[in-house]
Amino acid sequence: MGGELRTTETDHAAAPGAGVAARRAQPPADALLADLRRGHYHPAMQRLASLTAAYPDDLDLRAERAALYRQVGNLVEAGRWGFLTEDATETEIAAFEKANPGAWMRLLVLRVNTDPTDKLAPVASARLARLIERASQDGPAPVAWTEAGRPRPQFPGSWRDELLCLLAAVVGLIVVTLAVLGLITVIRWAL
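Residues numbered from 1 in each chain as written. Predicted model: local features only at pLDDT ≥ 70, side-chain atom pairs only at ≥ 80, totals over all residues. Heavy atoms only, no water.

Chemist: I keep staring at the overall build of the protein chain and nothing clicks. Help me out?
Modeler: For the protein chain, the count of helices and strands is nine helices and two strands. Helices (α) and strands (β) of the protein chain occur, in sequence order from the N terminus, as α-α-α-α-α-α-α-α-β-β-α. Taking all contacts inside the protein chain whose residues are at least 6 apart in sequence as the whole, residues at least 24 apart take part in 55%. If you sum the accessible surface of the protein chain, you get close to 11,500 Å²; carbon and sulfur atoms cover 61% of it. (Helix = DSSP H or I, 4+ residues; strand = E, 2+ residues; numbered from the N terminus. Contact = heavy atoms within 4.5 Å. Areas by Shrake-Rupley, 256 points an atom, 1.4 Å probe, with all protein chains shown as cover.)

Structure below.
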């Protein structure tokens, strides 16, 4: 570790942070590379966390974050951030699934803002499709993407829902009518 980045045969991506500097010539990327060169992994993880929060749909950032977690031995986070990439190993995905046993939980923990299916390579696309299918089966309703792009349960409308709304409106109308009649009665007594 002594100031140099470790690279092993299990590292599936280039050194973490290298792509960030190539894409973004801005201080956070420079600071990220400097942290990695010095072997300061925690600040580098924090910088990558900030970048992925700002750019949640950037698959390259996700791959770099996964590579950094892979390098420090955090298989759960490597599986989480590598889930939408081709680089994630079965061991990392299994660790991520074990840490987040519910399909809906895993889908939400991925923190994507838009449906990334059209941007994914074949293996990652198939992996996401299986997760969406499983979340639809396990969850309260099928997966739908909101206008903002986030996944959510798509509850089918039913006549019971509409009937409950109608019943609530009728009860509310009756209460308001009785309150008005009571107020009129009180005013008449006072005069």
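Chemist: Would you explain the pattern of salt bridges in this entry?
Modeler: Pairing is possible between side chains of opposite charge, provided their charged atoms come close. Scanning all chains against the criterion turns up four salt bridges. With a closest N to O distance of 2.6 Å, Asp35 and Arg47 form a salt bridge. Linking Asp35 in helix H2 (residues 27–38) with Arg47 in helix H3 (residues 41–54), this pair joins segments that are twelve residues apart in sequence. Residue classification places Asp35 among the buried positions, given a relative accessible area of 3%. In this structure, the salt-bridge partner of Arg80 is Glu77, at a minimum N-O distance of 3.4 Å. Of the two residues, Arg80 and Glu77 both sit in helix H5 (residues 75–82), three residues apart, roughly one turn of that helix. The two residues Arg80 and Glu77 agree in class, both being buried. (Salt bridge = Lys/Arg side-chain N within 4 Å of Asp/Glu carboxyl O. Buried < 20%, exposed > 50% of the residue type's maximum accessible area, 1.4 Å probe, protein only.)

Chemist: Help me understand helix H8 (residues 122–138) in this model?
Modeler: Given 3.6 residues to a turn, an α-helix orients residues that are three or four positions apart in the same direction. The end-to-end C-alpha separation of H8 is 24 Å, in line with the 24 Å expected for 17 residues at 1.5 Å each. Among all positions of H8, only Ala124, Ser125, Arg127, Leu128, Leu131, Ile132 and Ala135 are buried. What you see down the axis of H8 is that its buried residues fit within an arc of 160°, all on one side. In H8, the exposed residues that point more than 90 degrees away from the buried face are Pro122, Arg130 and Gln137. (Expected span 1.5 Å × (residues − 1). Arc of directions from axis to C-beta.)

Any functional reading would require information that these geometric values do not contain.
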